[in-house]
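Here's the letter readout for the chains.
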Amino acid sequence: MVLSTGYNKTRTAVFISGTGSNLKSLIKFSKTSISPISINFVISNNSKAKGLNYAKIYKIKKKVFSFKNKKKSEIKLLSILKKNNINMICLAGFMKILSKNFIKKFKGKILNIHPSLLPKYKGLNTHLRVLNNKEKYSGCTVHFVNARLDSGKVILQKKVKISKNETEASLAKKILAQEHKLYPKAILKVFNL
Ligand code: GAR
């Protein structure tokens, strides 16, 4: 067995706003020997994000930026990421929109996960809109981040079937379980693994 040491892995920051279940799954994946990334920083716009606990548990550096003044927050954020040699960013339930300028600095190196089959249902309240439209399927998408919301090149998608009595909560839960598998798979694909 090859032990994963964290050396030579691409140093990655995960950006969160809430529960952080995708962060947890990415941390677990990053510790496997097949992972091309290590998680070295957790960024949140929300000091109360539950997901920040995972940074504590797994002894990963973390920092909160309010993003109230986006320009100022992003300047500080870029400097921290640079100082920590971060080369890749995974957005995982991060509910702020990064500026064009920020995205340019990490061109082709920012991934996002979104709980719909993009290009359908960009933006917020995805599950409710899907159910209101009586869709038969929904799912999740990992994509590259570009300057337009939820519009970058798709890396991988997973489709899920909507049940008869599906609710917003049950659909969210079903899709989230798939997200936890899809994000690591998408990362392997980005690295041609
Ligand atoms: C996930 O379902 C993710 O796809 C979604 O927020 C949830 C975060 O859950 N992201 C978006 O809606 C982004 N537009 P988590 O905090 O448990 O990973």
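Values in this document were obtained by computation on a predicted structure and should not be read as measured data.

Now for unusual backbone geometry. Between Leu118 and the following residue, Pro119, the backbone shows a cis peptide bond with an omega angle of 10 degrees. Structurally, Pro119 can be placed in the loop between β5 (110–114) and α5 (126–132). The backbone of Asn125 shows a phi angle near 50 degrees, a positive value even though the residue is not glycine. Structurally, the position occupied by Asn125 is in the loop between β5 and α5.

The next thing to look at is the site of the ligand. What surrounds the ligand is the set Thr19, Gly20, Ser21, Asn22, Gly93, Met95, Ile113, His114, Pro115, Leu176 and Glu179. For the ligand, an oxygen atom lies 2.5 Å from a polar atom in the side chain of Ser21. A distance of 2.8 Å separates an oxygen atom of the ligand from a polar atom in the side chain of Glu179. Across the complex, the protein chains shield 86% of the 450 Å² of accessible surface that the ligand would expose by itself. Secondary-structure elements contributing two or more residues to the shell around the ligand are α1 (21–30), β5 and α6 (168–190). Residues belonging to the shell around the ligand are distributed by class as follows: 4 nonpolar, 6 polar and 1 charged.

Cut-off values and rules
- Residues numbered from 1 in each chain as written.
- Predicted model: local features only at pLDDT ≥ 70, side-chain atom pairs only at ≥ 80, totals over all residues.
- Heavy atoms only, no water.
- Helix = DSSP H or I, 4+ residues; strand = E, 2+ residues; numbered from the N terminus.
- Near = heavy atom within 4 Å.
- Polar contact = N/O pair within 3.5 Å; in protein donor to acceptor, adjacent residues only side chain to side chain.
- Areas by Shrake-Rupley, 256 points an atom, 1.4 Å probe, with all protein chains shown as cover.
- Nonpolar A, V, L, I, M, F, W, Y, C, P; charged D, E, K, R; others polar.

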